[in-house]
Amino acid sequence: MPERLAGFPGAGWLALVGAAFVVVLAPLGFGRESLAGLPLDTIVLTVPIAILLAVPLLTRTGRAGIPRIGIEVPASVFLGWALLSAIATGAQPGVLATWARYASYVVLVYAVATVTADAGRRRVLLWLIAIAGSATVVQGFMQYINPTAGIGMQGLDTSVATRVFATFDNPNFYAEYLVLLFAVTLALLFVERGPLRYVAAALLSAQAIALLLTYTRGSWLALVLGIAIALLMIDGRLIWPFVLGGSALLPLAPGAMARMLSVFSLEGTASFRLKLWEVAGIAMAKRPLFGMGMGRFYDAFKDAVLNSSQLNVGVLIYGAHNSYFQLGAEIGVVGMIAFAWFVLEACRMGVFYNRRMGADLRARLANAALTAGLVAFAINALTSNAFQHPRGAVFFFVLAGVQAGLGMEYWRSPSTATSAQRQSANVWTRSLIGRAFTAAARGLSLMWQVSAFHHVVVREPEGGGHLLADSLIARWLFGNGVRHEDSVSA
């Protein structure tokens with residue numbers, strides 16, 4: 001097979017078409033349906049296409065051209081344990097199908113990384129994501145102007161007309177997708193020049209307003225934290241303009257301020273989530289090793305509620321509102337920890353690349369923007385079933401792939417401190433408060449540099465990110481490929 005495909009012309013653009021199926025149809029296509037008892041949606045249909053169309057490119061570049069992927073080891077542990085869980089719980093078709101979905105996400109990271117290792121293809125893919133996502137924003141605005149359904153309106157301020165959800169089934173699902181869309185468009189804002197930068201800025205503003213109009217507090221806070229971490233990767237002093245800008249944007253949406261303040265209340269949905277987490281905890285305690293089976297959380301939930309008299313949540317079927325707890329009930333505590341490790345590695349890769357990008361500010365800014373989206377989605381999953389909502393979750397893995405493609409050329413670069421050390425003299429820096437803030441920032445930076453956590457975050461991932469490329473499977477499937485300079489133009 002490698003010999004037949006190695007000379008395929010335009011393999012890179014064919015792979016880009018495959019990736020485009022996912023990033024365009026996932027937000028604009030239909031939701032989940034059922035066929036012969038198995039879930040069917042645009043992700044099930046498009047992700048295999050993206051993977052198959054990437055094969056000629058992978059074959060052309062060869063195994064040595066496969067980008068290094070930092071999530072290899074934890075992803076293998078997670079999928080391996082989940083497969084053991086599937087076998088131990090009876091290997092039911094639905095359980096195996098759910099396992100295959102997660103496995104396809106991991107393979108998609110490789111496919112997207114190989115596509116986006118080329119800067120031209122990466123730019124096109126980012127614009128496809130931004131434009132398709134912005135089409136959903138337009139639909140969301142139309143929903144707000146002409147509200148037809150009040151999804152999740154309980155307890156909201158009377159000034160709130162509706163919560164937008166565009167083509168998604170629920171405002172929470174849509175908000176989870178929007179935090180990733182926002183990160184992609186922010187990356188475009190950093191890398192583009194001329195008129196296209198203004199286009200990216202306009203799209204970014206519209207997406208921010210759409211996110212506000214979902215009235216999803218978890219996604220708001222998750223994006224704030226994600227962007228804050230991304231800014232710290234570039235220059236901590238940028239935090240203050242970000243805080244001021246966000247504070248000015250919040251009042252634009254009617255009732256948004258009241259909605260944000262309700263985060264600090266343990267009444268209403270907050271107390272209900274605590275109950276759901278308790279149910280998930282009881283389900284994990286009952287089957288701590290292999291769980292109920294991947295994708296069978298509803299069964300675990302029902303079993304826990306019916307067999308625990310102290311639980312009274314008023315329903316027999318509900319999600320955990322925490323992706324990690326939900327997986328823990330499905331595949332056991334070890335599987336949950338492996339998945340959390342997998343997600344953490346995907347999030348920290350941005351810091352790994354940032355330390356190696358040196359003076360390439362545009363690359364660092366784009367990398368930081370992608371990191372903001374990955375971190376925000378991972379945090380969002382603490383209060384929602386974000387990873388169990390395929391149309392949004394698939395973009396977490398797409399962004400991980402784009403980041404791997406962007407960072408491919410920097411992997412072997414030396415790790416250096418990248419925080420801005422110079423500061424121009426101005427009224428602020430000469431002031432007493434400014435000097436105090438600068439001294440505090442330098443002190444915190446020094447503490448960070450010498451901390452054990454810093455060394456963990458910036459270290460090279462286990463396996464060097466090249467386990468697949470060094471495997472016998474890669475040798476058989478992809479061969480050695482063509483010369484690097486030829487593969488770039490594939």
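Preceding block: the structure.
Residues numbered from 1 in each chain as written. Predicted model: local features only at pLDDT ≥ 70, side-chain atom pairs only at ≥ 80, totals over all residues. Heavy atoms only, no water.

**Digging into the overall build of the protein chain**
Next, step 1: Looking only at helices and strands, the protein chain has 21 helices and 2 strands in total.
Next, step 2: In the protein chain, which comprises 490 residues, the proportion classed as buried is 51%.
Next, step 3: Relative to all contacts within the protein chain whose residues are 6 or more apart in sequence, the contacts with residues 24 or more apart total 79%. (Helix = DSSP H or I, 4+ residues; strand = E, 2+ residues; numbered from the N terminus. Buried < 20%, exposed > 50% of the residue type's maximum accessible area, 1.4 Å probe, protein only. Contact = heavy atoms within 4.5 Å.)

**A closer look at the nonpolar core**
Next, step 1: Core analysis: the largest hydrophobic core is formed by 148 residues, its most contacted members being Phe78, Tyr215, Phe339, Phe387, Val394 and Phe396.
Next, step 2: Looking at this core element by element, the count peaks at 15 residues for helix α14 (residues 323-354). (Core = buried A, V, L, I, M, F, W, Y, C linked by side-chain atoms within 4.5 Å.)

**A word on the pattern of salt bridges**
Next, step 1: Tallied over the full model, the rule gives 10 salt bridges.
Next, step 2: Between arginine 287 and aspartate 303 there is a salt bridge, and its shortest N-O distance comes to 3.4 Å. Taken as a pair, arginine 287 in the loop between α12 (269-286) and α13 (297-306) and aspartate 303 in helix α13 lie far apart in primary sequence, 16 residues in all.
Next, step 3: Look at arginine 287 and you get partly exposed, because its relative accessible area is 27%.
Next, step 4: Residue glutamate 345 is joined to arginine 348 by a salt bridge in which the shortest nitrogen-to-oxygen separation is 2.9 Å. Residue glutamate 345 and its partner arginine 348 are both found in helix α14; the two are separated by 3 residues, about one turn of the helix. Of the two residues, glutamate 345 and arginine 348, neither departs from the other in class, the shared state being buried. (Salt bridge = Lys/Arg side-chain N within 4 Å of Asp/Glu carboxyl O.)

**A look at the packing of helix α5 (residues 93-116) against helix α16 (residues 390-407)**
Next, step 1: Where α5 contacts α16, the axes come no closer than 7 Å and their chain directions differ by 35°. Crossing angle aside, the handedness with which α5 passes α16 is right-handed. Taking contact as the criterion, the partners of Arg101, Tyr105, Leu108, Val109, Val112, Ala113 and Thr116 in α5 are, on α16, Pro390, Ala393, Val394, Phe397, Val398, Ala400, Gly401, Val402, Ala404, Gly405 and Leu406.
Next, step 2: Classifying every residue of the contact of α5 with α16 by side-chain character gives 14 nonpolar, 3 polar and 1 charged. (Axes fitted to C-alpha atoms, helices over the stretch in contact; angles between N-to-C directions. Left-handed = near helix turned anticlockwise from the far one by under 90°. Nonpolar A, V, L, I, M, F, W, Y, C, P; charged D, E, K, R; others polar.)

**Things to note about the environment of isoleucine 227**
Next, step 1: Counting through the fold element by element, isoleucine 227 comes out in helix α9 (residues 217-234).
Next, step 2: The buried category is assigned to isoleucine 227, whose relative accessible area is 12%.
Next, step 3: For the pair isoleucine 227 and leucine 370, spaced 143 residues apart in the sequence, the C-alpha separation amounts to 9.6 Å.
Next, step 4: Once residues within four sequence positions are removed from consideration, isoleucine 227 is found in contact with Phe182, Phe242 and Ala372.

**Here's the deal with empty space enclosed by the protein**
Next, step 1: Here the structure, examined in full by the defined rule, presents 1 cavity of 30 Å³ or more.
Next, step 2: In terms of lining, the largest cavity is formed by Arg68, Ile69, Gly70, Ile71, Val109, Ala346, Met349, Tyr353, Ala400, Gln403 and Ala404.
Next, step 3: Contributions of two or more residues to the lining of the largest cavity are made by α14 and α16.
Next, step 4: The class makeup of the residues in the lining of the largest cavity is 8 nonpolar, 2 polar and 1 charged. (1 Å grid on protein atoms, 1.4 Å probe; cavity = no way out; pocket = protein on both sides within 12 Å on 5 of 7 lines; lining within 4 Å. Points joined across faces, edges and corners; volume = space filled by probe spheres on them.)

**What to know about the side chain of asparagine 367**
Next, step 1: Summarising the element assignment, asparagine 367 is placed in helix α15 (residues 361-380).
Next, step 2: Using a relative accessible area of 0% as the deciding quantity, one classes asparagine 367 as buried.
Next, step 3: If we skip the residues at most four places from it in the chain, asparagine 367 touches Met233, Gly350, Tyr353, Asn354, Met357, Gln403 and Leu406.

**Here's the deal with the side chain of threonine 46**
Next, step 1: With respect to the helices and strands, threonine 46 occurs in helix α3 (residues 42-61).
Next, step 2: The buried category is assigned to threonine 46, whose relative accessible area is 4%.
Next, step 3: With residues up to four places along the chain from it excluded, the contact list for threonine 46 reads Phe21, Val22 and Leu25.

**Describing helix α8 (residues 195-213)**
Next, step 1: The end-to-end C-alpha distance of α8, which contains 19 residues, comes to 28 Å, matching closely the 27 Å that a straight helix rising 1.5 Å per residue would cover.
Next, step 2: Taken as a whole, α8 has its buried residues at Ala200, Leu203, Leu204, Gln207, Ala208, Ala210, Leu211, Leu212 and Leu213.
Next, step 3: Immediately beyond the C-terminal end of α8, within one or two residues, lies tyrosine 215, with a positive phi of roughly 55°. (Expected span 1.5 Å × (residues − 1).)

**Observations concerning a nonpolar patch on the surface**
Next, step 1: Nonpolar side chains collect at one region of the surface, where Val17, Phe21, Leu25 and Ile49 lie side by side and expose about 290 Å² of accessible area between them.
Next, step 2: When residues in the nonpolar patch are grouped by element, the largest group, 3 residues, is from helix α2 (residues 11-28).
Next, step 3: Here isoleucine 49 shows up in helix α3. (Patch = residues over 30% accessible without salt bridge, like charges linked within 9 Å, V, L, I, M, F, W, Y side chains within 5 Å. Areas by Shrake-Rupley, 256 points an atom, 1.4 Å probe, with all protein chains shown as cover.)

**What to know about the packing of aromatic side chains**
Next, step 1: Taken as a whole, this structure holds 28 aromatic pairs when the rule is applied.
Next, step 2: Judged by centre distance (5.1 Å) and plane angle (25°), the ring pair of phenylalanine 168 and tyrosine 177 falls under stacked. The burial state of phenylalanine 168 is the same as that of tyrosine 177; both residues are buried.
Next, step 3: Judged by centre distance (5.7 Å) and plane angle (65°), the rings of phenylalanine 352 and tyrosine 353 are edge-to-face.
Next, step 4: The class for phenylalanine 352 is buried, based on a relative accessible area of 0%.
Next, step 5: For tyrosine 353, a relative accessible area of 2% corresponds to the buried category. (Phe/Tyr/Trp six-rings, centres within 6.5 Å; stacked < 30°, edge-to-face > 60°.)

**Digging into the environment of proline 390**
Next, step 1: Relative to the elements of secondary structure, proline 390 occurs in helix α16.
Next, step 2: For proline 390 and isoleucine 43, which are 347 residues apart along the polypeptide, the C-alpha to C-alpha distance reads 6.6 Å.

**Focus: the packing of α2 against α3**
Next, step 1: Axis separation between α2 and α3 bottoms out at 7 Å; the angle between their running directions is 165°. Overall, the two elements α2 and α3 adopt an arrangement that is roughly antiparallel. As α2 packs across α3, the resulting crossing turns out to be left-handed. Along the contact surface, α2 presents Ala11, Gly12, Leu14, Ala15, Val17, Gly18, Ala19, Phe21, Val22, Leu25 and Ala26, while α3 presents Thr42, Ile43, Thr46, Val47, Ile49, Ala50, Leu53, Ala54, Pro56, Leu57 and Arg60.
Next, step 2: Residues belonging to the contact of α2 with α3 are distributed by class as follows: 17 nonpolar, 4 polar and 1 charged. (Parallel < 35°, antiparallel > 145°, perpendicular 65-115°, else oblique.)

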